[in-house]
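If you want the building blocks of each chain, they are given just below.
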Amino acid sequence: MRKVIGIGETVLDIIFKNDQPVGAVPGGSVFNSLISLGRCGIKAAFISETGNDRVGRTILDFLTKNGVDNTCVYVYPDSKSPLSLAFLNEHNDAEYIFYKDHPNDRLDFSYPDVQPDDIVLFGSYYAVNPVIRPQVMGFLEYARQHGAILYYDVNFRASHKNEVMKLTPNILENLEMADIVRGSTEDFEVMFHKSDPDIIYRTQVAFYTRRFICTQGSEPVELRAENGLKKQYPVAKSDNVVSTIGAGDNFNAGFAYGLLRYGIRRADIEQGLTEQQWDNIIQCALQFSAEACKSLNNYVSPAFGASMAF
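Okay, so let's go over this structure. (Residues numbered from 1 in each chain as written. Predicted model: local features only at pLDDT ≥ 70, side-chain atom pairs only at ≥ 80, totals over all residues. Heavy atoms only, no water.)

The next subject is unusual backbone geometry. Despite not being glycine, Asn18 shows a phi value in the positive range, around 55 degrees. Residue class for Asn18 comes out exposed when judged on its relative accessible area of 67%. For Asn227, which is not glycine, the phi dihedral falls at a positive 60 degrees. Take Asn227: its relative accessible area is 79%, and that puts it in the exposed class. (Buried < 20%, exposed > 50% of the residue type's maximum accessible area, 1.4 Å probe, protein only.)

Here you go:
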């Protein structure tokens, strides 16, 4: 049975509306994706770190309850778990403040089993952080050698804007490692001062990988792929948006789900997917993303997950 393996941060997301806390849920970009996949009955495993405290125990327990293997989550014995404050504006988009108490990050983990055509999700600052870069890169190389499909979500926040120069080599290395890259116009504006999907693809991405998905909030998703394939996918308008915090993470979850549901393997990707295959996968991604926006949670609902099991 194929599985999805994620590597990324864990946090406790405390959500504010009108400057008052309205919810607190376990989170982290890749974490959110895996919880949604676990709720759909997809076999999933997570590589991460957390603190030796109540929040850390809650996160480990939450992974298990949602069907995600947590045996590769490293628990720092003397550190507190990270927190994220998410302030929702009138459009229910979030502005973030992060708090982290890991002064000596070292990330000590064992590799999960990786089989050909498994899917590896990686991204955000975790995927470029110089302190843990050797361990992260070591795992990505290991996964690549074992025939996994690597999906990179750039997800580069404005809070790290002053580190762009230092981190660019790691970003480019990730682009080169990835079979498929997703980034938002906001990410590339922060990193390279570019927001036009065609320019981003031509000047920043195509040299490293031919498969690029550019998301633009409520604007259409842009696809660029082999053989000059260029396509837009409208994002359905909804009056039920409660929070967009998990929108991108669940786009990634839906994409991984689509690869599995439609039996798409690494060889298919290397040969070049058909337009119909891209359509099928991206529709899954959009469906997951829209579902996650219906609540303050960062993931699809258990009921939605049950309905998507196959």
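Next up on the list: the packing of aromatic side chains. The geometry of an aromatic ring pair is captured by the separation of the ring centres together with the interplanar angle, meaning the angle of the planes. Summed over all chains, the structure comprises 19 aromatic pairs. Among the aromatic side chains, those forming a connected cluster through ring pairs are Phe31, Phe46, Phe62 and Tyr299. (Phe/Tyr/Trp six-rings, centres within 6.5 Å; stacked < 30°, edge-to-face > 60°.)

Tallied over the full model, the rule gives zero disulfides. Free cysteine: Cys293, not disulfide-bonded; nearest cysteine sulfur from Cys40 at 15 Å. Under the relative-accessibility criterion, Cys293 is labelled buried at 10%. (Disulfide = S-S within 2.5 Å.)

With that settled, consider the packing of helix H7 (residues 247-261) against helix H9 (residues 275-292). The contact between H7 and H9 brings their axes to 7 Å, and the two run at 140 degrees. Read as a crossing pair, H7 and H9 show a hand that is right-handed. In this structure, H7 uses Ala247, Asn250, Phe251, Ala253, Gly254, Phe255, Tyr257, Gly258 and Leu259 to contact H9, whose residues at the interface are Trp278, Ile281, Ile282, Cys284, Ala285, Leu286, Phe288, Ser289 and Ala292. For the contact of H7 with H9, the residue count by class is 14 nonpolar, four polar and no charged. (Axes fitted to C-alpha atoms, helices over the stretch in contact; angles between N-to-C directions. Helix = DSSP H or I, 4+ residues; strand = E, 2+ residues; numbered from the N terminus. Left-handed = near helix turned anticlockwise from the far one by under 90°. Contact = heavy atoms within 4.5 Å. Nonpolar A, V, L, I, M, F, W, Y, C, P; charged D, E, K, R; others polar.)

As a further point, take empty space enclosed by the protein. To find leftover empty space, one rolls a probe the size of a water molecule over the atoms. For the coordinates displayed, the defined rule picks out one cavity of 30 Å³ or more. Space inside the largest cavity adds up to approximately 50 Å³. Split into classes, the residues belonging to the lining of the largest cavity amount to four nonpolar, five polar and one charged. (1 Å grid on protein atoms, 1.4 Å probe; cavity = no way out; pocket = protein on both sides within 12 Å on 5 of 7 lines; lining within 4 Å. Points joined across faces, edges and corners; volume = space filled by probe spheres on them.)

It is the contact of helix H1 (residues 29-39) with H7, at a shortest axis distance of 8 Å, that shows an interaxial angle of 45 degrees. With respect to their mutual orientation, H1 and H7 come out oblique. Crossing angle aside, the handedness with which H1 passes H7 is right-handed. Here H1 contributes Ser29, Asn32, Ser33, Ser36 and Leu37 to the contact with H7, which in turn contributes Asp249, Asn250, Asn252, Ala253, Ala256 and Tyr257. When the residues that make up the contact of H1 with H7 are grouped by side-chain class, the tally is four nonpolar, six polar and one charged. (Parallel < 35°, antiparallel > 145°, perpendicular 65-115°, else oblique.)

Here the focus is helix H4 (residues 164-177). Compared with an ideal rise of 1.5 Å per residue, which puts 14 residues at 20 Å, H4 spans 19 Å between its outermost C-alpha atoms and is within 8% of the ideal. Among the residues making up H4, those that are buried are Val164, Leu167, Thr168, Asn170, Ile171, Asn174, Leu175 and Met177. Buried residues along H4 sit in contact with strand E8 (119-123), helix H3 (133-145), strand E9 (149-153), strand E10 (180-184), helix H5 (185-192) and helix H6 (197-205). (Expected span 1.5 Å × (residues − 1).)

One side chain can pair with another of opposite charge once the charged atoms of both are near each other. What the rule picks out here adds up to 17 salt bridges. A salt bridge links Arg265 to Asp117; the nearest nitrogen and oxygen atoms lie 3.1 Å apart. Placement of the pair is Arg265 in the loop between H7 and helix H8 (266-271) and Asp117 in the loop between strand E7 (94-101) and E8, with a sequence separation of 148 residues. Overall, Asp117 belongs to the buried group, its relative accessible area being 13%. The shortest N-O distance in the salt bridge between Glu163 and Lys166 comes to 3.5 Å. Overall, Glu163 belongs to the buried group, its relative accessible area being 16%. Here the salt bridges share partners, and the residues they tie into one network are Arg144, Asp179, Arg266 and Glu270. (Salt bridge = Lys/Arg side-chain N within 4 Å of Asp/Glu carboxyl O.)

Attention now goes to the nonpolar core. Among the nonpolar cores identified, the biggest contains 54 residues, and Val4, Leu34, Leu37, Leu121, Phe255 and Trp278 are the most heavily contacted of them. In this structure, Leu121 is in contact with Val4, Ile5, Gly6, Ile7, Val30, Ser33, Leu34, Leu37, Tyr151 and Ala256, ignoring residues within four places of it in sequence. With 39 residues, the next largest nonpolar core counts Val136, Ile171, Phe192 and Ile200 among its residues. (Core = buried A, V, L, I, M, F, W, Y, C linked by side-chain atoms within 4.5 Å.)

Moving on, we get to the side chain of Asp187. With respect to the helices and strands, the residue Asp187 is situated in helix H5. Within polar-contact distance, the side chain of Asp187 engages the backbone nitrogen of Phe156 at 3.0 Å. (Polar contact = N/O pair within 3.5 Å; in protein donor to acceptor, adjacent residues only side chain to side chain.)

Moving on, we come to the environment of Ile264. By the element assignment, Ile264 lies in the loop between H7 and H8. It is 8.4 Å that separates the C-alpha atoms of Ile264 and Asp117, two residues lying 147 residues apart in sequence. Once you skip the residues sitting within four places of it in the chain, Ile264 turns out to touch Arg2, Ile149, Leu259, Ile269, Leu273, Gln277 and Ile281.

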